[in-house]
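# Structural overview for review
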Amino acid sequence: MNNMNNMNDVNGRDNAATRPAILQLPQLCLQGALSCFQQACLLVVGGRAPEVEWLRKASEGRIVWAVDHGLDACLAAGIVPQRLIGDGDSAAPDAWHFAEKKGIPIEKFPPEKDDTDTQLALRIAKEAGFPAAIVTGAFGGRFDHALSTVMSCAFAPLPCLLADEREAIFFVHGGESVTCTPESAPKAISLLPLTGSCRGVNLTGMHWPLAGATLEARSMRAVSNVLAEGSSSLSVSLTDGLLGVYFVWRE
């Protein structure tokens, strides 16, 4: 298997200041306060595995870490991760043995612990100096696992977004603005307030736009929106709070 990333270690990567504030994912382009994501690590975690081609494209030019069962997805795509993190309770034994024989640095934790493998990986990524993390393999499976992963990423010690070929969610903080250009029109786009309230929410390019709106976590009402007719992109901003912007292309 070939490592498709061919990158230096975290301290040897290109200076993000020389790159535009644009994040390109296989099916989505984001522009705004995103320069930190130019040097983001890609964490492949243990939920629904992304499709092989999507994962290969998303990993190009990035350092890839596997989180327990995410190792299986990496190896299926022919990607040898630079680090493996987890308790080893869900990755295939043969995959774990391959990582050991390959000499991949492994940080193994006991199954009985307070933090999830994903939470540990986010903390380790922060400690390693990564400015942000792109998390894949985060959707599908049990609701409690998926919710834990989303909320852990929303309030992680470093900026995060979650994506695969079917779904994506990124987070916009008060004072920030992001423009999104999907490669193909999503089936639905939803705004999810993750703090008690999100104030001064502006949304353009959508069938149901917003101007200076207040969205509350207790009554999520900005769900299942779609792009406006003739629109290929949308922009979202807010003055206060933490807002999740969710896309779904295929359920």
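Everything here concerns the structure above.
As the structure is a prediction and not an experimental result, all values here were calculated from the model. Per chain, residue numbering runs from 1 following the sequence as it is written. With pLDDT at 70 or above as the cut-off, local features in this predicted model cover only qualifying residues; side-chain atom pairs require 80 or more to be listed or tallied, and sums for whole chains, interfaces and linings still use all residues. As a rule here, side-chain values come from all non-hydrogen atoms in the structure, and water together with hydrogens is ignored.

This brings us to the packing of aromatic side chains. By convention, a stacked pair of Phe, Tyr or Trp rings (six-membered ring in the case of Trp) has centres within 6.5 Å and planes under 30 degrees apart, an edge-to-face pair has planes over 60 apart, and any other such pair is tilted. In total, this model carries three aromatic pairs according to the counting rule given. Ring centres of Trp65 and Phe130 lie 5.3 Å apart, and the angle between their planes is 90 degrees; this geometry places the pair in the edge-to-face category. With a gap of 65 residues between them, Trp65 in strand 4 (residues 64-67) and Phe130 in the loop between helix 4 (117-127) and strand 7 (133-136) connect regions that are remote in the sequence. A centroid spacing of 5.7 Å and a plane angle of 15 degrees characterise the contact between Phe247 and Trp249, whose relative ring orientation is stacked. The two residues Phe247 and Trp249 agree in class, both being buried. Here the aromatic cluster, defined as three or more aromatic residues joined through ring pairs, consists of Phe170, Phe247 and Trp249. Here a helix means four or more residues in a row that DSSP labels H or I, a strand means two or more in a row labelled E, and each is numbered from the N terminus. A 1.4 Å probe rolled over the protein chains alone gives each residue an accessible area, and that area as a share of the maximum for its type sets the label: buried under 20%, exposed over 50%, partly exposed in between.

Attention now moves to the side chain of Thr136. Looking at the element boundaries, Thr136 is found in strand 7. For Thr136, the side chain forms a polar contact with the main-chain oxygen of Ala163, separated by 2.7 Å. The residues touching Thr136, leaving out its near neighbours within four places in the chain, are Leu42, Leu43, Val44, Val45, Pro50, Trp54, Leu55, Ala163 and Asp164. Here a polar contact means two N or O atoms within 3.5 Å. Within protein one must be a hydrogen donor candidate and the other an acceptor candidate, and residues neighboring in sequence count only if both atoms are side-chain atoms. Pairs of residues are marked as contacts when any of their non-hydrogen atoms sit within 4.5 Å.

We now examine the sheet that holds strand 2 (residues 28-32). Any two strands between which DSSP finds at least two bridges are classified as paired. One open sheet accounts for six strands, arranged 1-2-10-14-12-13; its pairing is antiparallel. Each edge of the sheet is formed by a strand with only one pairing partner; in this case those strands are strand 1 (22-25) and strand 13 (210-216). Between one strand and the next, the sheet's axes are offset by a mean angle of 25 degrees, whatever the strand orientation. Examined bridge by bridge, strand 12 (residues 197-204) and strand 13 share four bridges and lie antiparallel to one another. Throughout, an axis means a line fitted to C-alpha atoms (over the contacting stretch in the case of helices), and angles, computed between N-to-C directions, take values from 0 to 180 degrees.

Taken in spatial order, the nine strands line up as 6-5-4-3-7-8-9-15-11 in an open sheet, and their pairing is mixed. At either margin of the open sheet sits one strand with a lone partner, and together these are strand 6 (106-108) and strand 11 (188-193). Between one strand and the next, the sheet's axes are offset by a mean angle of 20 degrees, whatever the strand orientation. Each of strand 3 (41-44), strand 4, strand 5 (83-86), strand 6, strand 7 and strand 8 (160-163) touches helix 4; the most contacted strand, strand 4, lies at about 150 degrees to it.

Moving on: the nonpolar core. Counting residues in hydrophobic clusters, the biggest one holds 54 residues, and the most contacted among them are Leu30, Phe37, Leu161, Phe170, Leu191 and Phe247. The dominant element in this core, judged by the number of residues it contributes, is helix 2 (residues 70-76), at four residues. Not counting residues up to four positions away in its chain, the partners in contact with Phe37 are Leu23, Arg62, Ala132, Ala133, Ile134, Pro159, Cys160 and Leu161. Residues belong to one nonpolar core when they are buried, are Ala, Val, Leu, Ile, Met, Phe, Trp, Tyr or Cys, and are joined through side-chain atoms within 4.5 Å. Ranked by size, the runner-up nonpolar core spans 31 residues in total, among them Cys41, Ile124, Cys153 and Ala188.

Turning our attention to helix 4. In an α-helix, one full turn covers 3.6 residues, which means residues spaced three or four apart are oriented alike. Here helix 4 has its buried residues at Asp117, Thr118, Leu120, Ala121, Leu122, Ile124 and Ala125. Note on helix 4: the residue one or two positions beyond its end, Gly129, has a positive phi of about 100 degrees.

Further remarks concern the pairing of strand 8. Burial along strand 8 is two-sided: the face carrying Cys160 and Leu162 and the face carrying Leu161 and Ala163 are both buried. Examined bridge by bridge, strand 7 and strand 8 share three bridges and lie parallel to one another. The residue of strand 8 that forms the bridge with Ala133 is Cys160. Note: strand 8 against strand 9 (residues 167-173), three bridges, orientation antiparallel. Bridge pairing in strand 9 links Leu162 to Ile169.

Below, the discussion takes up a nonpolar patch on the surface. Each patch is built from salt-bridge-free residues with over 30% relative accessible area, joining like charges within 9 Å and nonpolar side chains (Val, Leu, Ile, Met, Phe, Trp, Tyr) within 5 Å. Each accessible area is a Shrake-Rupley estimate made with a 1.4 Å probe; only the visible protein chains count as cover when residues are assessed. Throughout this description, the term salt bridge denotes a Lys or Arg side-chain nitrogen within 4 Å of a carboxyl oxygen of Asp or Glu. Taken together, the side chains of Phe143, Leu147, Met151 and Phe155 define a hydrophobic patch exposed on the protein surface, amounting to about 420 Å² of accessible area. Topologically, Leu147 is positioned in helix 5 (residues 143-154).

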